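# Overview (structure and organization)
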Amino acid sequence: MRDYLLTLCVTAAVTYLLTGPVRKFAIATGAMPEIRARDVHREPTPRLGGIAMFFGLCAGLLVADHLQNLSSVFELSNEPRALLSGAALIWLIGVLDDKFELDALIKLGAQMISAGVMVAQGLTILWLPIPGVGTVALTPWQGTLLTVALVVLTINAVNFVDGLDGLAAGMVCIAAAAFFLYAYRLWYGYTIEAAAPATLFAAILMGMCLGFLPHNMHPARIFMGDSGSMLIGLVLAASAISITGQVDPDVLKLFEGSTRQATHAALPVFIPLVLPLTIIAIPMADLILAIVRRTWKGQSPFAADRGHLHHRLLEIGHSHSRAVLIMYFWSALIAFGTLAYSVHSTSMWIVLGVVALSAIGLVLLLLPRFTPRAPRWAQSVVPPRYRRRKPAVVPAGAHGAAEAAGAVETVEEEREPVPAGVNGATAIGHRSRFSDRSKAGARG
């Protein structure tokens, strides 16, 4: 555990220390996202934060290679090199996209090629554990298609939630923490060496996110851009693929006795299939709802809009920080709830605890709809948000000025949308292209 924590701390430190110089580099090179009408930030903010995150990944792998207890991961497995190869390719495409705005098909092709590079070096799904059946071996084509699909879906699901400051990095960090605990339990508790690469990937992913978050929390000083969101999405998918495709369920001798007993006993093996889905449950739900919503309106599934879950939280009345914390809460509840159920599947207290926390989450979610108003005699002692608003009194001669001000506000609200940037865009979505970029950038 000390070696994993050391790797995590080194990755976080390198990412944190490099983010400042990367921000200056992004400003100097003009890698500033143009503010869109649907964005929640109002000042141009540099991107390319994925550069610091990638070098944090490299530092974490380098340190782990020189640690006594983790060096065997590099000697017995080719997965760390496979991850680095795929991450380098997707990161390079992301950097080019942050700067030059590549076409959607180019990014989609790069995601598939990155997954193929990892598959070619052995990081692929080899078998699937099926309840009541046992281990089902996959053909090379089946394993390749399943691996590529999981990588592409995870990358775009992570990128979909990158719409508020600190949201994507925080949610992926929570997911990586849950996955680290699960993989470490298989590696240490069941002495399965094949789970060590996934444990290492999860620890490094936590370090990348923790090192970047201080610079990305509201108000963000830098965005991770596609170079960062696609990178952490790929690392998260690689962790799930590693532990699902390389850990042989038969080693645990779980498929014995009746079908019911085998199903309950095999939960630690089934969780690798379920946990990645629960980790990205909220981003995946956002992705599916966005595709359905845009297709229903006759738009492209990758057309940008302001209907994402985090946008709806802001419309309900939550502040920027509170919306991010609510998304954190639900991500942690789903990921750690699934993790706890995999450890003690027969405990009813875990189910009751998840239900109780879900009820609390719903109350917090709908809290702005039920904001109480203090009585008139207590107006002076309660916070301003609970006071009754007094109607504004307009002087008789000021009606013309008020109408003019209202007209100005209407024009301001209906202003022309500014060209799209990276923050919150889909990893394979297009961005609007305007001819006059200097004016669009000056509006922020």
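Residues numbered from 1 in each chain as written. Predicted model: local features only at pLDDT ≥ 70, side-chain atom pairs only at ≥ 80, totals over all residues. Heavy atoms only, no water.

## Focus on the overall build of the protein
Looking only at helices and strands, one finds 17 helices and 2 strands in the protein. Within the span of the protein, comprising 444 residues, buried residues form 50% of the whole. Long-range contacts, defined as pairs at least 24 residues apart, comprise 75% of the intrachain contacts of the protein with a sequence gap of at least 6. (Helix = DSSP H or I, 4+ residues; strand = E, 2+ residues; numbered from the N terminus. Buried < 20%, exposed > 50% of the residue type's maximum accessible area, 1.4 Å probe, protein only. Contact = heavy atoms within 4.5 Å.)

## Topic: the packing of aromatic side chains
Evaluation of the coordinates by the stated rule reveals 10 aromatic pairs. Ring geometry for F54 versus F55: centroids 5.9 Å apart, planes at 70 degrees, classification edge-to-face. Aromatic ring contacts, followed pair by pair, group Y4, F180, Y184 and W187 into a single cluster. (Phe/Tyr/Trp six-rings, centres within 6.5 Å; stacked < 30°, edge-to-face > 60°.)

## Some details on the confidence of the model for the protein
Per-residue pLDDT for the protein averages 77, and the proportion of residues at 70 or more is 66%. Within the protein, no element has a lower average pLDDT than helix α17 (residues 437-442), which sits at 41, and none a higher one than helix α2 (residues 50-65), at 96. When the criterion is pLDDT under 50, residues 255-260 qualifies, and its contacts beyond four places in sequence or with other chains add up to 12 contacts. Note that pLDDT drops below 50 for residues 402-426; the model gives that stretch 57 contacts with residues more than four away or on any other chain. (pLDDT = per-residue confidence, 0-100.)

## Topic: the nonpolar core
Residues Y4, L57, L200, L205 and L231 are the most contacted members of the largest nonpolar core, which totals 91 residues. Element by element, the count of residues in this core is highest for helix α7 (residues 167-189), at 17 residues. Not counting residues within four places of it along the chain, the set of residues in contact with L231 comprises G50, M53, F54, L57, A87, I90, M208 and D226. (Core = buried A, V, L, I, M, F, W, Y, C linked by side-chain atoms within 4.5 Å.)

## Quick notes on the pattern of salt bridges
Enumeration over the complete set of coordinates arrives at 2 salt bridges. A salt bridge links K107 to D97; the shortest N-O distance between them is 3.6 Å. Residue K107 is found in helix α5 (residues 104-120), and its partner D97 is found in helix α4 (residues 79-100); the two are separated by 10 residues along the sequence. Both residues of the pair, K107 and D97, count as buried. K107 is paired through a salt bridge with D226; the nearest N and O atoms lie 3.4 Å apart. Here K107 is found in helix α5, whereas its partner D226 is found in helix α9 (residues 225-246), with 119 residues between them in sequence. Under the relative-accessibility criterion, D226 is labelled buried at 0%. Linked through salt bridges whose partners overlap, the residues forming this network are D97, K107 and D226. (Salt bridge = Lys/Arg side-chain N within 4 Å of Asp/Glu carboxyl O.)

## A few points about the packing of α7 against helix α8 (residues 196-216)
Contact pair α7 / α8: the axes reach a minimum separation of 8 Å and the direction vectors enclose 155 degrees. The orientation of α7 with respect to α8, classified from their angle, is roughly antiparallel. The chirality of how α7 crosses α8 is left-handed. Taking contact as the criterion, the partners of A169, G170, V172, C173, A176, A177, F179, F180, A183, Y184 and W187 in α7 are, on α8, A196, A198, T199, A202, A203, L205, M206, C209, L210, F212 and L213. Taken together, the residues of the contact of α7 with α8 break down into 20 nonpolar, 2 polar and no charged. (Axes fitted to C-alpha atoms, helices over the stretch in contact; angles between N-to-C directions. Parallel < 35°, antiparallel > 145°, perpendicular 65-115°, else oblique. Left-handed = near helix turned anticlockwise from the far one by under 90°. Nonpolar A, V, L, I, M, F, W, Y, C, P; charged D, E, K, R; others polar.)

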